[in-house]
Amino acid sequence: SVGESVVGFGVVGNNSTNTREVTLTNTGDTEITGLNASLSGTDQEEFAVSIEDGDISANASTTLSITYAPTTVADHSAQVNIESSNATASIVLSGRSTPPDASSPDDVQFGFVPTDEPATETVTISNLGNESTTLSITDVTLANASDTPFNLVNEREAQSALSGGESQAINIEFPDDSGSPDPG
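Report on the accompanying structure. (Residues numbered from 1 in each chain as written. Predicted model: local features only at pLDDT ≥ 70, side-chain atom pairs only at ≥ 80, totals over all residues. Heavy atoms only, no water.)

**Here's the deal with the pattern of salt bridges**
In the structure shown here, the tally under the stated rule is one salt bridge. Between Asp75 and Arg96 there is a salt bridge, with the nearest N and O atoms lying 2.5 Å from each other. One end of the pair, Asp75, is in strand E6 (residues 75-83); the other, Arg96, is in strand E7 (residues 88-98), with 21 residues separating them in the sequence. Judged by its relative accessible area of 43%, Arg96 is partly exposed. (Salt bridge = Lys/Arg side-chain N within 4 Å of Asp/Glu carboxyl O. Helix = DSSP H or I, 4+ residues; strand = E, 2+ residues; numbered from the N terminus. Buried < 20%, exposed > 50% of the residue type's maximum accessible area, 1.4 Å probe, protein only.)

Given below as structure tokens:
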């Protein structure tokens with residue numbers, strides 16, 4: 001018997017992985033031999049499958065590992081086909097891939113900036129995905145930039161691609177000439 005006939009992976013970041021294990025149990029009186037698992041379906045390349053042991057003794061179990069490793073942002077589905085010398089079963093798979101995880105600061109505090117002395121603060125954008133995840137930064141802008149004197153110091157450098165685990169520092173300058181405190 002198969003522990004689950006449907007395995008839903010939920011939402012997984014693109015180029016990340018999520019692995020689920022399903023128990024395959026032999027409830028019969030004879031050994032199941034030559035156990036094999038394969039994938040089929042439209043999105044089978046987004047999944048991987050492996051079996052812990054190809055033979056299951058009578059009244060024993062083995063583990064089937066199914067990995068969802070999406071490479072495209074979309075909804076995905078496939079099927080695991082399990083076959084042996086004397087048994088067959090199938091498991092329906094589904095998952096949704098979203099853009100990679102990234103972190104960015106909520107706000108930057110400059111505090112008091114003396115007259116005619118610009119202040120620079122550094123913010124960091126990080127790709128929190130795994131090593132195979134790429135986060136493409138195509139544009140960096142300041143919210144309400146027309147209403148404030150802030151400048152991006154290294155704007156061109158901020159336009160890049162970050163692999164999983166990489167970070168990019170972006171410098172923001174506040175060229176205050178009034179000596180008044182900055183509210184945020």
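**As for the sheet that holds strand E5 (residues 61-68)**
Strand order across the open sheet formed by three strands is E2-E5-E4, with antiparallel pairing between neighbours. Among the strands making up the open sheet, the edge pair consists of strand E2 (18-25) and strand E4 (47-51). On average, each strand axis in the sheet is tilted by 20° relative to the strand beside it, whichever way the strands run. As judged from the eight bridges shared by E2 and E5, these two strands associate in the antiparallel manner. (Pairing = 2+ DSSP bridges. Axes fitted to C-alpha atoms, helices over the stretch in contact; angles between N-to-C directions.)

**A word on the packing of aromatic side chains**
Scanning all chains against the criterion turns up three aromatic pairs. Ring geometry for Phe9 against Phe47: centres 5.9 Å apart, planes inclined by 50°, an arrangement best described as tilted. With Phe9 in strand E1 (residues 6-13) and Phe47 in strand E4, this pair connects stretches of sequence that are 38 residues apart. When its relative accessible area of 5% is taken as the criterion, Phe9 is described as buried. By relative accessible area, Phe47 is classed as buried at 6%. Taking 5.6 Å as the distance between ring centres and 40° as the angle between the ring planes, the aromatic pair formed by Phe9 and Tyr68 counts as tilted. (Phe/Tyr/Trp six-rings, centres within 6.5 Å; stacked < 30°, edge-to-face > 60°.)

**Some thoughts on the side chain of Glu46**
You can see Glu46 is positioned in the loop between strand E3 (36-40) and E4. For the buried Glu46, no salt bridge is present, and the opposite-charge side chain at shortest range is Arg96, 13 Å distant. Sequence-distant contacts of Glu46, that is, excluding residues within four places in its chain, are made with Thr67, Tyr68, Ala69, Pro70, Thr71, Thr72 and His76. (Lys, Arg positive; Asp, Glu negative; His and termini not counted. Contact = heavy atoms within 4.5 Å.)

**Regarding unusual backbone geometry**
Leaving glycine aside, a negative phi is the common case for residues, and trans is the common case for peptide bonds. In this model, Asn59 sits at a positive phi of 55°, which is unusual for a non-glycine residue. Within the fold, Asn59 resides in the loop between E4 and E5. In this structure Asn59 comes out as exposed when scored by relative accessible area, which is 58%.

**Some thoughts on the environment of Ile137**
Along the polypeptide, Ile137 turns up in the loop between strand E10 (134-136) and strand E11 (151-152). Along the primary structure Ile137 and Gln168 are separated by 31 residues, whereas in three dimensions their C-alpha atoms are 9.8 Å apart.

**Considering the sheet that holds E6**
If you trace the four strands from one edge of the open sheet to the other, you get E1-E7-E6-E3, paired in mixed fashion. The sheet terminates laterally at E1 and E3, the two strands that pair on one side only. Averaged over all adjacent pairs, the angle separating strand axes in this sheet is 25°, with direction ignored. Alignment of E6 against E7, held across nine bridges, turns out to be antiparallel. If you follow Ala78 over to E7, its bridge partner there is Leu93.

**Some points on a negative patch on the surface**
Among the surface-exposed residues, Glu21, Glu31, Glu52, Asp53 and Asp55 lie close enough to one another that they form a single negatively charged patch. By the secondary structure assignment, Asp55 is in the loop between E4 and E5. Judged by relative accessible area, which is 34%, Asp55 ranks as partly exposed. (Patch = residues over 30% accessible without salt bridge, like charges linked within 9 Å, V, L, I, M, F, W, Y side chains within 5 Å. Areas by Shrake-Rupley, 256 points an atom, 1.4 Å probe, with all protein chains shown as cover. Charge placed at Lys NZ, Arg CZ, Asp CG, Glu CD.)

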